[in-house]
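Notes for the structure review
In case you want the letters, here they are:
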Amino acid sequence: MWVLSGLCLTAGSAFVLIGGIGLLRMPSLYTRLHAASLTDTLGTLLMLAGIIIQAGFTLAAIKLFAIAVFLLLTGPTAAYALANAALLSGSVPQARLLDDPEP
Amino acid sequence: MELLGLYNYWVFAVLLMVGFYAVIAKTNMIKKLLGLSIFQGAVFLLYITMDKVEGGTAPIIQKGVDAVYSNPLPQVLILTAIVVGISTTALGLALVVRIFEAYGTIEEDETQRLDLEE
Amino acid sequence: MTIVFGIFLLTLLVVVAIGIVRAENLFTAVMLTGIFSLLMAANFFVLDAADVALTEAAVGAGISTVLLLGGLALVPGRERSRERLHRLALAVVALTTLMVVYATFEKPRLGDPDAPVHQHVAPWYLEMTPELVDIPNVVTAVLGTFRGYDTLGEVIVVFTAGLGVLFLLGLPGVIGERNVDDLAVGRSYLGHHLVPQVVGTLLIPFILLFALYVQFHGEYGPGGGFQAGAIFAAGMVLHSLIAGEKESLMVISPRMLVLLMAGGALLFGGVGILTMLLGGNFLDYNVLAENPVAGQQWGILIIELGVGLSVTGVLLAIYHAFAARSR
């Protein structure tokens, strides 16, 4: 059981780390948003799953589950709101590969 | 290893001075307000650092368990201080909005210049 | 291991603080302030201060960011980086940092149980709370009973700040010439967009319910009036962002906000006067019931309610004063 929980926690932190690297390395706003929001939601859900496995079947586990549901709802909404605000303020997603010459 | 126990206080000193620098050296009024809130945050850190007891837990007494508790008194003081801090920030922000509407700028040197010109 | 985590959090705090000072775009600086508050809350939790961490997260990272953004919408958003007396300020700051660091060598180490701060009153509070007040959360007991005057003063300070902001900026329908009906409906708000509207309307009842839970659970765990007021105000601010300013001012009207502000402070002072009328001193809860311990618990419950109402009213009134201000 501890092995499973440790695996979840490690996988979750690896996802968040990858998201952070993607945030720094991606070229434009939309790609960064894609990297940050997806990995953050999944990473935190995995970490919460790891802690729930460790907590067993107690009140604390139910509270953690409620937090996980809350994060599942609000993470993608925040990403949507951010992308929407970016679109409204004028920056348009560019469909261009990194190696293409500048248009 | 002993010096590691002092790290909190050093961070407090650095944060205090970073906030203070923002208050005295920056001319933008909102920057000054943000510096003030950093200053307040540093003071909170000092008080809460002082209340930790080695091996203690949060001061919520569980019946029948004999545990070491951290000191509750600085926590009470900082609880009220946080809310007072946000009230002060909100009031300062309202003043900045009115200054902007009256002077057209929120840079302090420009408001002083406009005052001297009248 | 906790030490490493604590040191990491503290270093991150310093980095974020320097980032706030150096950011030229004020929007970036406000966002970094939100991150600063959240890191502070994490730090407080590592240092065993659960109530304070909850308050800092709710008030500092939640409400404070919203209020700063509301104010930022009304002023220009970039700082013109001209720093006066740049070198003199740096010299003064560096010198003072060195002096404070030198002074910290005299301080007791982190977690030292023999430090003077743990000696006189604190063990008395920890011992006497199960006897005199009999609630598990010692911080709420100290806040409500042993240091009740401080809390009364603090509620009055919050009320005064709300009054000050209302006098400076005005609120439609209460102070100032405009009415709620005059507010422009066509402002851009999140209600146009489906995803935030659905998720927001789904979440708002739970946020308000959680605020009530925190309010009444303050005696048994971390919680209390301040946190509950901030969370309730945050839920209503979310509603205002989704439904628009005019709608949300019709849900909780401005007069209701002023009533909440004043009513909370009045409730707190009223309990004090009631105890005087019942024969005890001001804010002496022992006379509120037959059993002094039950009287203490009743007293704490009512004043926490007063604090929660007042903080809700003030934070919401300040938010609406900023948001309804015409540009």
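Chains are numbered independently. Their residues run from 1 in the order of the written sequence. As they are written, the chains are lettered A onward and the ligands numbered 1 onward, keeping that order. With the structure being a predicted model, the display of local features is reserved for residues of pLDDT at least 70 and the display and counting of side-chain atom pairs for 80 or more, all residues being used for whole-chain, interface and lining totals.

What about the environment of Val97(B)?
A run of H or I in DSSP becomes a helix once it reaches four residues, and a run of E becomes a strand once it reaches two; helices and strands are each numbered from the N terminus. Structurally, the position occupied by Val97(B) is in helix α3 (residues 73-103). Residue burial here comes from a neighbour count, namely the number of other C-beta atoms, placed from the backbone, that lie within 10 Å of the residue's own C-beta, with 20 or more meaning buried, 12 or fewer meaning exposed, and in between meaning partly exposed. C-beta crowding within 10 Å serves as the criterion here: with 25 such atoms nearby, Val97(B) is assigned to the buried category. Sequence separation between Val97(B) and Glu110(B) is 13 residues; the distance between their C-alpha atoms is 15 Å. Discounting chain neighbours no more than four positions away, the residues touching Val97(B) are Gly71(C), Leu74(C), Val75(C), Leu169(C) and Arg325(C). In this description, any two residues whose backbone-derived C-beta atoms lie within 7 Å of each other are considered to be in contact.

Overview of the nonpolar core
Ranked by internal contacts, the top residues of the largest apolar core, which has 125 residues, are Leu15(B), Ile38(B), Ala230(C), Ala317(C) and Ile318(C). Broken down by element, the residue count for this core peaks at 14 residues, all from helix α12 (residues 292-323) of chain C. Segmentation into domains, and thus their bounds, comes from an automatic or database assignment. The residue makeup of this core includes at least three contributed by each of domain 1 (1-119) and domain 2 (138-327) of chain C. Contact partners of Ala317(C), with chain neighbours within four places excluded, come to Gly162(C), Leu166(C), Leu171(C), Leu257(C), Val258(C) and Met261(C). By size, the runner-up hydrophobic cluster in this structure holds six residues, among which are Phe15(A), Leu46(A), Leu48(A) and Ile52(A). Buried Ala, Val, Leu, Ile, Met, Phe, Trp, Tyr and Cys residues form a nonpolar core when they are connected through C-beta atoms within 7 Å.

Considerations on the environment of Thr111(B)
All names here are of chain B. Looking at the element boundaries, Thr-111 is found in helix α4 (residues 108-117). With 18 C-beta atoms packed within 10 Å, Thr-111 lands in the partly exposed category. For the pair Thr-111 and Thr-89, spaced 22 residues apart in the sequence, the C-alpha separation amounts to 20 Å. Among residues more than four places away in sequence, those in contact with Thr-111 are Ile-99, Tyr-103 and Thr-105.

Brief notes about the interface of chain B and chain C
Facing 76 residues of chain B, the contacting portion of chain C comprises 85 residues. Listed by contribution, the elements that provide at least two residues to the side of chain B that touches chain C are α1 (7-25), α2 (29-50) and α3 of chain B. The greatest single-element share of the side of chain B that touches chain C, amounting to 22 residues, is contributed by α3(B). Put simply, Ala, Val, Leu, Ile, Met, Phe, Trp, Tyr, Cys and Pro go in the nonpolar bin, Asp, Glu, Lys and Arg in the charged bin, and everything else, Gly too, in the polar bin. Split by residue class, the side of chain B that touches chain C holds 48 nonpolar, 19 polar and nine charged.

Digging into the packing of α1(B) against helix α1 (residues 2-22) of chain C
Angular values range over 0 to 180 degrees, each being the angle between N-to-C directions of two axes fitted as lines to C-alpha atoms, with helices fitted over their stretch in contact. At their nearest, the axes of α1(B) and α1(C) sit 10 Å apart, and the two run at 10° to each other. Relative to α1(C), the element α1(B) lies roughly parallel. Each of Tyr7(B), Asn8(B), Val11(B), Val14(B), Leu15(B), Val18(B), Gly19(B), Tyr21(B) and Ala22(B) in α1(B) lies in contact with α1(C), whose residues at this interface are Ile7(C), Leu10(C), Leu13(C), Val14(C), Ala17(C), Ile18(C) and Val21(C). Put simply, angles under 35 degrees are roughly parallel, angles over 145 are roughly antiparallel, angles from 65 to 115 are roughly perpendicular, and the rest are oblique.

A short note on the interface of chain C and chain A
Taken together, the contact between chain C and chain A spans five residues of the former and six residues of the latter. The class makeup of the residues in the side of chain C that touches chain A is four nonpolar, one polar and no charged.

Things to note about the arrangement of the chains
Among the two pairs of chains that make contact, the interface with the largest number of contacts is formed by chains B and C. Left apart from each other, chain A and chain B have a closest C-alpha approach of 16 Å.

As for the confidence of the model for chain C
pLDDT gives the predictor's per-residue confidence on a scale running from 0 to 100. Looking at chain C as a whole, its pLDDT mean stands at 85, while 92% of the residues score no less than 70. The ipTM assigned to the predicted complex is 0.92, against a pTM of 0.89.

Here we look at the domain arrangement of chain C
All names here are of chain C. For chain C, the domain assignment lists domain 1 (1-119) and domain 2 (138-327). Counting residues at the interface gives 13 residues for domain 1 and 18 residues for domain 2. Along the lines of polarity and charge, the residues of the side of domain 1 that touches domain 2 split into eight nonpolar, four polar and one charged.

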